[in-house]
Amino acid sequence: MKREEEIQAALTRLLGLGCWYVASGGSIGTSFTLHLGAKMPRKQPLTNPAVSEEFRRYEGEHILLVWCSWRLDGLDDALASSDSSCIDASEKLQAYLKGRKMLAATTFNKTFDVLLEFEGDLQLRVFCDRFGGADWTGENWQLETSGQIVAVGPGYRSSIEPGR
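For the structure given in this document, a descriptive report is provided here. (Residues numbered from 1 in each chain as written. Predicted model: local features only at pLDDT ≥ 70, side-chain atom pairs only at ≥ 80, totals over all residues. Heavy atoms only, no water.)

To continue, consider the sheet that holds strand E6 (residues 102-108). Hydrogen bonds between backbone atoms are what pair the strands of a sheet, whose relative direction is either parallel or antiparallel. Pairing within the open sheet is antiparallel, and its 5 strands lie in the order E5-E4-E8-E7-E6. For this open sheet the edge positions go to strand E5 (78-81) and E6, each flanked by a neighbour on one side alone. Here the average twist between neighbouring strands, direction ignored, is 15°. Of the strand pairs in this sheet, E6 and strand E7 (residues 113-118) are connected by 6 bridges, and their pairing is antiparallel. Looking across to E7, one finds that Ala104 is bridged to Glu117. Contacting E6 and E7, helix H1 (residues 3-12) crosses the sheet at an angle of about 165° to E6. Contacts from helix H3 (residues 86-97) reach strand E4 (69-73), E5, E7 and strand E8 (122-127) within the one sheet, and its direction differs from that of E4 by about 50°. (Pairing = 2+ DSSP bridges. Helix = DSSP H or I, 4+ residues; strand = E, 2+ residues; numbered from the N terminus. Axes fitted to C-alpha atoms, helices over the stretch in contact; angles between N-to-C directions. Contact = heavy atoms within 4.5 Å.)

Next comes the structure, spelled out in structure tokens:
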């Protein structure tokens, strides 16, 4: 199977799963993680008092981490983006994605930009704009599932490794 097909297949596993937690804001700025599927007990509970007790004890069966540029679109307007203030981006991601099921996931081009469609006519667009450089190692997005970790970026780079 080609890398493009493997990455698309990994995203396809998210279809029909609900997003039960969005971790965003604070020190990670407008980057965020979506926790999807079953709630899995953490090996080591978190101690951060800024997050819910539930999140301290559990993590998603599937975790999508987004570090690059993104935009959340509603039916008639853009709702938030990585250019929003940290507080606004966090509030909007929580308000619009928490509790919603993912209906579709599509990757585009060699950088693996992503379009994620959620219930309620919501679209989350991920723009892989981290292109790398001589000393840059940061990824654009990463998907952690039981069994594998898909990492995309910078640039045209991607990897699929054994996971948790």
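Now for the packing of aromatic side chains. Per the stated rule, a full pass over the model turns up 3 aromatic pairs. Judged by centre distance (4.0 Å) and plane angle (10°), the rings of Tyr21 and Phe55 are stacked. On the criterion of sequence distance, the pair formed by Tyr21 in strand E1 (residues 19-24) and Phe55 in helix H2 (residues 53-57) is long-range, its members being 34 residues apart. Considered together, Tyr21 and Phe55 belong to a single accessibility category, that of buried residues. Cluster of aromatic residues (ring-pair linked, three or more members): Trp20, Tyr21 and Phe55. When the ring centre of Trp20 is taken as origin, the NZ or CZ atom of Lys39, which lies over that ring, is 5.1 Å away. (Phe/Tyr/Trp six-rings, centres within 6.5 Å; stacked < 30°, edge-to-face > 60°. Buried < 20%, exposed > 50% of the residue type's maximum accessible area, 1.4 Å probe, protein only. Lys NZ or Arg CZ within 6 Å of the ring centre and 35° of its normal.)

So, about H1. Every buried residue belonging to H1 is among Ile7, Ala10 and Leu11, and all of these are buried. Relative to the axis of H1, the buried residues are bounded by an arc of 100° and lie together on one face. Taken together, the buried residues of H1 touch E6, E7, strand E9 (141-145), strand E10 (148-152) and strand E11 (158-162). (Arc of directions from axis to C-beta.)

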